[in-house]
Amino acid sequence: MTGMKIEEVKSTVKTQRISAHSHVKGLGLSEAGEAVKVGAPGSGGLVGQEQAREAAGLVVELIRAKRMAGRAILLAGPPGTGKTAIALAIAQELGNKVPFCPMVGSEVFSSEIKKTEVLMENFRRAIGLRIKETKEVYEGEVTELSPVETESPVGGYGKTVSHLIIGLKTAKGTKQLKLDPSIYEAMQKERVEVGDVIYIEANSGAVKRQGRSDNFATEFDLEAEEYVPLPKGDVHKRKEVIQDVTLHDLDSANARPQGGQDILSMMGQLMKPKKTEITDKLRKEINKVVNKYIDDGIAELVPGVLFIDEVHMLDIECFTYLHRALESTIAPIVIFATNRGRCVIRGTGDIVASHGIPLDLLDRLLIIRTLPYTQEEMSAIIKIRAATEGLTVDEEALNILSEVGSKTTLRYAAQLLTPCSITARICGRPNIVKDDIKDISELFLDAKSSAILLKENDDKYMH
Ligand SMILES: Nc1ncnc2c1ncn2[C@@H]1O[C@H](COP(=O)(O)OP(=O)(O)OP(=O)(O)O)[C@@H](O)[C@H]1O
Ligand SMILES: [Mg+2]
């Protein structure tokens, strides 16, 4: 293998279910790294848990300074104390240039794939590569975007796009280009519109939308929109192009059998055998090329974060594998989370250890503890959750919910919100009141009450 496919690399970021944490926007730390109090601006949607947040803030700084690679952290604390929330807040703080790969311990058992294979894949999802290349591009703010249609050559009623006329403007001037229809498709994929700043790579025809031009910034900013200045210089020029990919992106791009119109790779066209699987051999070859890019100063490694939630679900084989992987020269930062105290290490039969993690691995972890919430904190968190779900909760009802939370878990209390809102609506009320909670908590059990009932009625269940 002489090179690898980079230009066509598609992001392979996993989509995750984070709806329960949608109110979490960051760690909520001040410039000095201190936890901002609830309600104050910049609290990131987080309440209390100051020490853990501040410790997590330090970790973020170490990651940014690239001083954390190959290190591992454990978030440990009782259920519902915000471990997952804090891990996701770390991801928010790191932004989208540093890879963050979340997984749950049990994932390793959930497929036909070998456990260590699942771990390896996620490991490589958590290691980024920033590639800098100088490329010939056409860049500017789109002033015109008109597909030119002709009657379909096949006859009938259809029309096909024969070419695309596009106007690009920079601070220096405007240029009109006539482009191939395939580039029109690429534009549609990137959702390019008049007023966007884009560049088109001359060689490949790849289109990159950089953002909306400053000239179109309004006071009604759409939150997700990124505004960029009008490019300087000529429309046609050489430009340093930066691409952020993960090692897994590269693995899967190079594993896929080639097809369709392909793009030149950085080091020339690749003759690839038809393989669809990511093998160890392929990974080794990718590593070789990656190391060469790094040596040549073309690329830079960006160690990201592998977050393994519910780490007590892993077994001894996984732990051994992880420990070894952490020692390798290319490793991400690993953040574990668990709500277990002392328990058996899975796969050993009877070896008990703190958090179900083997001692030698435990020994190299930095541990961040999360502590139980006070009732006021519970109440503040439930209030934020309710607001995010667009629900209003009476003061009295909020008190009861936070009491329920302290007796069971915060998660259980927060989960009652949605069904309570339904009974409220049935009764024609816009707000959740005491009675809704009473009704609903009679219908649904929390884990503890359910366990008590099970014990009392043990003989009635199948064994
Ligand atoms: N300090 C906090 N501020 C705001 N919201 C929080 C905070 N802590 C937890 N939450 C929210 O409360 C719910 C439960 O918290 P989370 O799932 O993070 O707990 P956990 O420690 O991961 O629990 P488990 O051990 O059961 O996995 C989530 O919706 C979470 O977003
Ligand atoms: Mg959790």
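Residues numbered from 1 in each chain as written. Chains lettered and ligands numbered in written order. Predicted model: local features only at pLDDT ≥ 70, side-chain atom pairs only at ≥ 80, totals over all residues. Heavy atoms only, no water.

1. A few points about the sheet that holds strand 11 (residues 305-309)
Okay, so step 1: Here we have five strands laid out as an open sheet, ordered 2-11-12-1-15, and parallel in their pairing. Where the open sheet ends on each side, the last strands, each with one partner, are strand 2 (100-104) and strand 15 (365-369). Neighbour-to-neighbour, the strand axes of the sheet open up by a mean angle of 20 degrees, direction not taken into account.
Okay, so step 2: Running over the sheet, helix 3 (residues 115-125) touches strand 2, strand 11 and strand 12 (333-338) and is turned about 155 degrees from strand 2. (Pairing = 2+ DSSP bridges. Helix = DSSP H or I, 4+ residues; strand = E, 2+ residues; numbered from the N terminus. Axes fitted to C-alpha atoms, helices over the stretch in contact; angles between N-to-C directions. Contact = heavy atoms within 4.5 Å.)

2. Notes on unusual backbone geometry
Okay, so step 1: We note that arginine 191 has phi near 55 degrees; this positive angle belongs to a residue other than glycine.
Okay, so step 2: Here arginine 191 is to be found in the loop between helix 4 (181-189) and strand 6 (196-201).
Okay, so step 3: Positive phi is not limited to glycine here, since histidine 355 has a value of about 60 degrees.
Okay, so step 4: Looking at the element boundaries, histidine 355 is found in the loop between strand 14 (352-354) and helix 8 (359-362).

3. Let's talk about the site of ligand 1
Okay, so step 1: Residues in contact with ligand 1 amount to 19 residues; listed here are only the nearest, Ala20, Val47, Gly80, Lys83 and Tyr373.
Okay, so step 2: Here glycine 82 contributes a backbone N or O atom positioned 3.0 Å from an oxygen atom of ligand 1.
Okay, so step 3: Residue arginine 411 places a side-chain N or O atom 2.9 Å away from an oxygen atom belonging to ligand 1.
Okay, so step 4: Against a free-state accessible area of 620 Å², the protein chains account for coverage of 95% of ligand 1.
Okay, so step 5: Of all the secondary-structure elements, those providing two or more residues to the shell around ligand 1 are helix 2 (83-94) and helix 11 (410-415). (Near = heavy atom within 4 Å. Polar contact = N/O pair within 3.5 Å; in protein donor to acceptor, adjacent residues only side chain to side chain. Areas by Shrake-Rupley, 256 points an atom, 1.4 Å probe, with all protein chains shown as cover.)

4. Observations concerning the packing of aromatic side chains
Okay, so step 1: Going through the model one piece at a time under the given rule, you end up with one aromatic pair.
Okay, so step 2: Taking the ring centre of phenylalanine 216 as reference, the NZ or CZ of arginine 212 above it sits at 4.8 Å. (Phe/Tyr/Trp six-rings, centres within 6.5 Å; stacked < 30°, edge-to-face > 60°. Lys NZ or Arg CZ within 6 Å of the ring centre and 35° of its normal.)

5. Regarding the packing of helix 1 (residues 50-64) against helix 2
To characterise two packed helices, one gives the angle between the axes of the helices and the distance between these axes.
Okay, so step 1: The contact between helix 1 and helix 2 brings their axes to 10 Å, and the two run at 35 degrees. In this structure, the crossing between helix 1 and helix 2 has a hand that is right-handed. Contacts between helix 1 and helix 2 pair Ala52, Arg53, Ala56, Val60, Ile63 and Arg64 from the former with Ile86, Ile90, Glu93 and Leu94 from the latter.
Okay, so step 2: Split into classes, the residues belonging to the contact of helix 1 with helix 2 amount to seven nonpolar, no polar and three charged. (Left-handed = near helix turned anticlockwise from the far one by under 90°. Nonpolar A, V, L, I, M, F, W, Y, C, P; charged D, E, K, R; others polar.)

6. Remarks on the environment of asparagine 254
Okay, so step 1: Note on placement: asparagine 254 falls in helix 5 (residues 247-255).
Okay, so step 2: In sequence terms asparagine 254 and isoleucine 286 are 32 residues apart; their C-alpha atoms lie 8.6 Å from each other.

7. Quick word on the confidence of the model for the protein
Okay, so step 1: For the protein, the mean per-residue pLDDT works out to 83, and 88% of the residues sit at or above 70.
Okay, so step 2: Mean pLDDT values for the elements of the protein range from 74 in helix 14 (residues 447-456) up to 94 in strand 1 (residues 72-76).
Okay, so step 3: Note on residues 258-275: pLDDT is under 50 here. Beyond four places in sequence and across chains, it has 38 contacts. (pLDDT = per-residue confidence, 0-100.)

8. Regarding the nonpolar core
A general trend in soluble globular proteins is that nonpolar side chains are found buried together.
Okay, so step 1: Counting 29 residues, the largest nonpolar core has Ile308 and Phe336 as the members making the most contacts within it.
Okay, so step 2: For this core, the elements supplying multiple residues, two or more each, are strand 1, strand 2, helix 3, strand 11, helix 7 (316-327), strand 12 and helix 8.
Okay, so step 3: Counting residues per element, this core draws most heavily on helix 7, which supplies six residues.
Okay, so step 4: Sequence-distant contacts of isoleucine 308, that is, excluding residues within four places in its chain, are made with Met103, Gly105, Leu119, Leu314, Leu322, Val334, Ile335, Phe336 and Ala337.
Okay, so step 5: Listed in part, the 28 residues of the second largest apolar core include Leu27, Leu75, Ala87 and Ala337. (Core = buried A, V, L, I, M, F, W, Y, C linked by side-chain atoms within 4.5 Å. Buried < 20%, exposed > 50% of the residue type's maximum accessible area, 1.4 Å probe, protein only.)

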